[in-house]
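Residue-level structural notes
Listed below are the residues making up each chain.
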Amino acid sequence: MSTKKVIDVSIATIRNYGTKHVSPDGFIWGRIVRAVDDDQIFQSEVLYDGPVNIPPGESRTIGVNKRLTVHYYGQESEGHLNQMLVFQKDLKQRYVVSGNAEELWYFGPYSEKVPFDEIAGFQTFTTLYNTTEGHKIEVVYTVNLVSSN
């Protein structure tokens, strides 16, 4: 027996919670992946394609909304693999030091995982990312359950 959920996913805001100017450059995706292996991607949508400049203490509304469908089959079989939602990032910060351009990767969880059975109603998930040089951002993801059967 198969169950599926249709969901709308987005990034509500990216907030600079540090003291340095930030402009995260790169991508954040909403993806439907295999529940036991998030390298097996079934559906992928870009939610953020930066850079976006954010002064300290400010936030930016991203406003990209994408629709995804996630499936659950119970017992897996060929072509019927259980799925979950993940938000994955590939972000770096560019900055200048003594006239030289430098680049640092944002670290924090690569995948913000939302298992199938935890998708219910309207939800927000807040994830913190930062660099080794004190660039700090808070990303607020939203998930809205559109339909379920």
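Bear in mind that the values here come from a model prediction, so they are computed numbers and not experimental data. (Residues numbered from 1 in each chain as written. Predicted model: local features only at pLDDT ≥ 70, side-chain atom pairs only at ≥ 80, totals over all residues. Heavy atoms only, no water.)

This next bit is on the pattern of salt bridges. All chains considered together, the criterion is met by nine salt bridges. For R34, the salt bridge identified is with E76, shortest N-O distance 2.5 Å. Note that R34 is positioned in strand β2 (residues 25-34) and E76 in the loop between β5 (65-72) and β6 (83-97), a separation of 42 residues in sequence. For E76, a relative accessible area of 26% puts it in the partly exposed group. Among the salt bridges present, the one from K66 reaches E45, with a minimum N-O distance of 3.8 Å. (Salt bridge = Lys/Arg side-chain N within 4 Å of Asp/Glu carboxyl O. Helix = DSSP H or I, 4+ residues; strand = E, 2+ residues; numbered from the N terminus. Buried < 20%, exposed > 50% of the residue type's maximum accessible area, 1.4 Å probe, protein only.)

So, about the environment of N65. Relative to the assigned elements, N65 resides in strand β5. For the pair N65 and V9, spaced 56 residues apart in the sequence, the C-alpha separation amounts to 5.7 Å. Every residue in contact with N65, bar those within four places of it in the chain, is listed here: D8, V9 and S10. (Contact = heavy atoms within 4.5 Å.)

Counting residues in each nonpolar core, the largest one holds 26 residues, and the members touching the most others are I11 and L85. Not counting residues up to four positions away in its chain, the partners in contact with L85 are I7, V9, R31, I32, L68, E112, K113, V114, I119 and V143. (Core = buried A, V, L, I, M, F, W, Y, C linked by side-chain atoms within 4.5 Å.)

In this section: the pairing of β6. Where β2 lies against β6, ten bridges are found, and the strand directions are antiparallel. Paired with I28 across the bridge in β6 is K89. The pairing of β6 with strand β8 (residues 111-115) spans five bridges and is classified as antiparallel. Bridge assignment links L85 to a residue of β8, and that residue is V114. Relative to strand β7 (residues 100-105), β6 is paired through six bridges, and the arrangement is antiparallel. Within β7, the residue paired with V96 across the bridge is A101. (Pairing = 2+ DSSP bridges.)

On to the packing of aromatic side chains. Throughout the structure, instances matching the rule amount to three aromatic pairs. When the ring of F27 is compared with that of W29, the centres are 5.7 Å apart and the planes differ by 20°; the resulting orientation is stacked. Judged by relative accessible area, which is 32%, F27 ranks as partly exposed. Aromatic pair Y72 and F116: ring centres 5.5 Å apart, planes at 25°, arrangement stacked. Pair noted here: Y72 is in strand β5 and F116 is in the loop between β8 and β9 (122-130), with a separation of 44 residues, a long-range link. Residue classification places Y72 among the partly exposed positions, given a relative accessible area of 37%. Here the guanidinium or amino end of K5 rests over the ring plane of F116, the centre of that ring lying 4.5 Å away. Cation over ring: R31 sits above W29, and NZ or CZ is 4.2 Å from the ring centre. (Phe/Tyr/Trp six-rings, centres within 6.5 Å; stacked < 30°, edge-to-face > 60°. Lys NZ or Arg CZ within 6 Å of the ring centre and 35° of its normal.)

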